[in-house]
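Descriptive structure summary
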Amino acid sequence: MFGRVKELQFVKNGYSRFGHLRSAIALGPNGMGKSTFLEEVKQVHSENEKSSIVISPDSSQYGDLTSFLSSMARNITCGKEIPGNELGKFARFYGSQLVQIESITRSENDFEEFNRNTAEHFVTGLEDAVINCGIDLNEIVPLLIIDDIELLDDSIHEWLCNSFNKRIRKSSLFEKCRFLFSAQKVGVRLEKFFSKFGFDKISEIKIPPFTALECVQFANSKGYQIHDGEEHRTKSQGNPLKLLNILKKPTTIITKEDNVMSNLDKIDTPNFSDFTEKELNYLLFASYPSQVNRYNLEFFC
C-alpha cells in the first residue's frame, strides 16, 4: 500500500489492546483505495495483536442476508496464538447450521427467529472455537471490518444492529470488539444505522489522494514507468483507480501551458482586399493546379 501512513498508524494504535478507538469509517470516492486500506488494517491488526480475530466479509459476496452471514464465517483471520484450523471447523459448522435454520424459516415463515438463531449460532460457535484453542475469551481483541457498508441490503443492516448487536453485548468474546467500515460518504441512512447500533461517535478517516511521488511509486508497482508524477496526479486527481486506467490507456496529457500557442505558431491571415486583380489571378491559378497550362504559365514566372 502506498501512502496513507498517518491514517494506518491512527487505526493501528486505536485498535490495539490498549487503544481507545472503538469504531471508525474510511471515507473516499470510488477507486480511492478504501478496500486496500481495510485489507492493510486487517493484516496489520492480525500481525500486531497475537490474540486477535478479524471478521471481514467479502463485499463481492454480500447479496442477501444468508450470503452475507456465510461470508462472515468464511472470512475470519486470526493472530499467531489462535490456530486457524479451529476457525475452519467453525466456518463449516456454521454453514451447515445456516442451511438448517433457513429451511425451518421457510416452512414457518418466521424471519425474526431466523435473525435470532443465526446471530446466536455465530457468536456461540465462534466462542467454542476459541475455547477449544485453550484461550480465555477475555484475552481476544475482535475486529469486525465491513467494506462498502452503504451497499448492504436493509435486511443485513437490521440483522447487524439488532440481533447481532444484542447477542455480542452479552458475549465475553466480543467485550473488546472494534469496528471498521468504509463508504463513499455518510448519508442519512448510515447515520440511522450507526445510531441504532449504539455508536455515540464514529471516527471518520478520509482516505487522501496520492501525491506526485506516490503516483510514480504506484505506477512502478504495476509495471509502468512514468517520469512526471505531477502530471499524472493532476490528471487522475490522485485517485488510484483513475491513475491505473490512465496507465492502461496512455494518452498525451495536455497541460494548460501546452494548449496555448506560442507567438511562433501564430500566422497572420492576409487581407485579400489589398491585393491587385493580377495578384488575385495568380492565387486563383495556384488554387487550381490542373488549370495551369502553357498559356497562363507566364503568370508564375
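Below or above, wherever it landed, is the structure these notes cover. None of these values were measured; they are calculated from a predicted model.

1. Some remarks on helix α8 (residues 212-221)
- Of all the positions in α8, only E214, C215, V216, F218 and A219 are classed as buried.
- Those residues of α8 that are buried are in contact with α9 (229-236) and α10 (240-248).
- Directly after α8, the chain includes G223, whose backbone phi takes a positive value near 90 degrees.

2. With respect to the packing of aromatic side chains
- One pass over the full model with this rule turns up 17 aromatic pairs.
- Ring plane angle 80 degrees and centroid distance 5.4 Å describe the contact between Y94 and F122, whose orientation is recorded as edge-to-face. With Y94 in helix α4 (residues 84-108) and F122 in helix α5 (residues 111-132), this pair connects stretches of sequence that are 28 residues apart.
- Here the aromatic rings of F181 and F194 are separated by 5.4 Å at their centres, their planes lie at 50 degrees, and the arrangement is tilted. Of this pair, F181 sits in strand β5 (residues 178-183) while F194 sits in helix α7 (residues 188-197), and the two are 13 residues apart along the sequence. Residue F181 shares its accessibility class with F194, and that shared class is buried.
- Connected via pairs of aromatic rings, a cluster forms that spans F90, Y94, F122, W159, F164 and F174.

3. Concerning the pattern of salt bridges
- Counted according to the given criterion, the structure contains 9 salt bridges.
- In this structure, K89 and E86 form a salt bridge, with 3.7 Å as the shortest nitrogen-oxygen distance. Taken together, the residues K89 and E86, both in helix α4 and 3 residues apart, mark about one turn of the helix.
- Accessibility expressed as a relative area gives 43% for K89, which makes it partly exposed.

4. A look at empty space enclosed by the protein
- Taken as a whole, this structure holds 1 cavity of 30 Å³ or more when the rule is applied.
- By volume, the largest cavity is sized at about 80 Å³.
- Sorting the residues of the lining of the largest cavity by element identifies α1 (5-14) and α2 (34-48) as the ones contributing at least two each.
- Among the elements that line the lining of the largest cavity, the one with the most residues is α2, at 4 residues.
- For the lining of the largest cavity, the per-class residue count stands at 5 nonpolar, 3 polar and 2 charged.

5. Some thoughts on α1
- Along α1, the residues classified as buried are E7, L8, V11 and G14. The buried residues of α1 occupy one face: seen down the axis, they fall within an arc of 140 degrees. Summarising the geometry of α1, the exposed residues directed more than 90 degrees from the buried face are V5 and K6.
- Contacts from the buried residues of α1 go to α2, β5 and β6 (203-206).

How each quantity is defined
Residues numbered from 1 in each chain as written. Predicted model: local features only at pLDDT ≥ 70, side-chain atom pairs only at ≥ 80, totals over all residues. Heavy atoms only, no water. Buried < 20%, exposed > 50% of the residue type's maximum accessible area, 1.4 Å probe, protein only. Helix = DSSP H or I, 4+ residues; strand = E, 2+ residues; numbered from the N terminus. Contact = heavy atoms within 4.5 Å. Phe/Tyr/Trp six-rings, centres within 6.5 Å; stacked < 30°, edge-to-face > 60°. Salt bridge = Lys/Arg side-chain N within 4 Å of Asp/Glu carboxyl O. 1 Å grid on protein atoms, 1.4 Å probe; cavity = no way out; pocket = protein on both sides within 12 Å on 5 of 7 lines; lining within 4 Å. Points joined across faces, edges and corners; volume = space filled by probe spheres on them. Nonpolar A, V, L, I, M, F, W, Y, C, P; charged D, E, K, R; others polar. Arc of directions from axis to C-beta.

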